Amino acid sequence: MVPKSNGFTLVELLVVITIIIILVAIGFPMMKMFREKSEATKCVSNLKMWGIAINIYASDNNGNIQWSDWPSIGSASRYYETSLGGDKLTGTAVMDTKKVYLTQLYRRCPAQKWNKTGNGPVGYAFVRPNPKIPSSGVYNLRTATNPGSLLLMIDGNASAFVLNGSADLATAVQPLCQGDESRHRHNANALFGDGHVGVYKWSDMDGDSEEEQAMLAQWFTLR
């Protein structure tokens, strides 16, 4: 009498391997989707923090806020350091094993690609609304007739520190909605003057209709 084997047959092994392959094939896209969703949620949270900080700063400064470029360390953004809960003199956070200003943690979109060294690139663009004031980055948020339609910040590429008008969106934002640099499943997150964050596809803001042109005009007009 031949003893009964407790091992797997070749067919059973192939079935198990096939099931594992199928589960892995299903799992990787799901993990990618969850990661992208997490990054998009953290990006919205970052921008909402900026909205709170900017409005606190405006409240403490008679409505005035700083609409300036982001230098390599983001010194212009340090106007909002204490409004974000940090100490602009000593720094309150550690990134890449060194102490940094708190604003440096919030100026980068979590979906942005970088090599994880140094301070990292800037992930958001400040908006400088019209009418432009020569040699000035100070504007009064209280003069905005519709703060909910006034764009403050938006997902931007590493070279787009400041946007002066809707034409700059093609350079700063379009690559993030298309191609290899795309974030948030080809969307861009945008912060407005009342503190809310909107999510836009490039087709929503490319200005190819009268409605979009009117919307963009409001985005970049202070008063």
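Anything mentioned here points back to the structure above.
Let me begin by describing the structure that accompanies this report. (Residues numbered from 1 in each chain as written. Predicted model: local features only at pLDDT ≥ 70, side-chain atom pairs only at ≥ 80, totals over all residues. Heavy atoms only, no water.)

### Describing the overall build of the protein
Turning to step 1, where the next piece is worked out: On a plain count of helices and strands, the protein comes out with 6 helices and 9 strands.
Turning to step 2, where the next piece is worked out: Per-residue burial for the protein yields a buried fraction of 41% across its 223 residues.
Turning to step 3, where the next piece is worked out: Restricting to contacts in the protein with at least 6 residues of sequence separation, those with at least 24 account for 60%.
Turning to step 4, where the next piece is worked out: Accessible area for the protein stands at about 12,300 Å²; split by element, carbon and sulfur atoms hold 59% of it. (Helix = DSSP H or I, 4+ residues; strand = E, 2+ residues; numbered from the N terminus. Buried < 20%, exposed > 50% of the residue type's maximum accessible area, 1.4 Å probe, protein only. Contact = heavy atoms within 4.5 Å. Areas by Shrake-Rupley, 256 points an atom, 1.4 Å probe, with all protein chains shown as cover.)

### A few points about the nonpolar core
Turning to step 1, where the next piece is worked out: Residues W50, Y80 and M153 are the most contacted members of the largest nonpolar core, which totals 24 residues.
Turning to step 2, where the next piece is worked out: Every element with two or more residues in this core is listed here: α1 (10-60), β4 (124-127) and β6 (151-155).
Turning to step 3, where the next piece is worked out: Here this core takes 7 residues from α1, the largest share from any one element.
Turning to step 4, where the next piece is worked out: Membership of the second largest hydrophobic core comes to 18 residues, among which are L151, I154, L169 and V173. (Core = buried A, V, L, I, M, F, W, Y, C linked by side-chain atoms within 4.5 Å.)

### So, the environment of N146
Turning to step 1, where the next piece is worked out: Positionally, N146 belongs in the loop between β5 (138-140) and β6.
Turning to step 2, where the next piece is worked out: Separated by 72 residues in the primary sequence, N146 and Q218 have C-alpha atoms spaced 8.2 Å apart.

### What to know about the sheet that holds β4
Turning to step 1, where the next piece is worked out: Reading across from one edge, β7-β4-β6-β8-β9 is the order of the 5 strands in this open sheet, with mixed pairing throughout. Two strands lie at the open edges of the sheet, namely β7 (162-163) and β9 (197-201), each paired on one side alone.
Turning to step 2, where the next piece is worked out: Relative to β9, strand β8 (residues 187-192) is paired through 5 bridges, and the arrangement is antiparallel. Note that in β9 the partner of N189 across the bridge is V199. (Pairing = 2+ DSSP bridges.)

### Structural notes on the side chain of N46
Turning to step 1, where the next piece is worked out: Secondary-structure assignment places N46 in helix α1.
Turning to step 2, where the next piece is worked out: A polar contact is formed between the side chain of N46 and the side chain of Y124, at a distance of 3.4 Å. (Polar contact = N/O pair within 3.5 Å; in protein donor to acceptor, adjacent residues only side chain to side chain.)

### As for helix α6 (residues 210-219)
Turning to step 1, where the next piece is worked out: All buried positions along α6 are accounted for by E212, L216 and W219. Buried residues in α6, looked at end-on, bunch into an arc of 50 degrees, giving them a common side. In this structure, α6 carries E210 and E211 as exposed residues pointing more than 90 degrees from its buried face.
Turning to step 2, where the next piece is worked out: Considering only its buried residues, α6 is in contact with β6, α3 (169-172), β8, β9 and α5 (202-205). (Arc of directions from axis to C-beta.)

### As for the environment of Y57
Turning to step 1, where the next piece is worked out: Mapped onto the fold, Y57 is located in helix α1.
Turning to step 2, where the next piece is worked out: A relative accessible area of 13% places Y57 in the buried class.
Turning to step 3, where the next piece is worked out: Between the C-alpha atoms of Y57 and L84, which are 27 residues apart in sequence, the distance is 9.7 Å.
Turning to step 4, where the next piece is worked out: Apart from residues no more than four positions distant in its own chain, Y57 is found in contact with N64, I65, Q66, Y79, Y80 and S83.

### Re the environment of P129
Turning to step 1, where the next piece is worked out: Tracing the backbone shows P129 in the loop between β4 and β5.
Turning to step 2, where the next piece is worked out: On the accessibility criterion, P129 (0% relative accessible area) is buried.
Turning to step 3, where the next piece is worked out: Taking the C-alpha atoms as reference points, P129 and A217, 88 residues apart in sequence, are found 9.7 Å from one another.

### Details of the packing of aromatic side chains
Turning to step 1, where the next piece is worked out: In total, this model carries 4 aromatic pairs according to the counting rule given.
Turning to step 2, where the next piece is worked out: Taking 5.5 Å as the distance between ring centres and 65 degrees as the angle between the ring planes, the aromatic pair formed by F192 and W219 counts as edge-to-face. Residue F192 is located in strand β8, and its partner W219 is located in helix α6; the two are separated by 27 residues in the primary sequence.
Turning to step 3, where the next piece is worked out: A relative accessible area of 1% means that F192 is categorised as buried.
Turning to step 4, where the next piece is worked out: Members of the aromatic cluster, connected to one another through ring pairs, are F192, Y200 and W219. (Phe/Tyr/Trp six-rings, centres within 6.5 Å; stacked < 30°, edge-to-face > 60°.)

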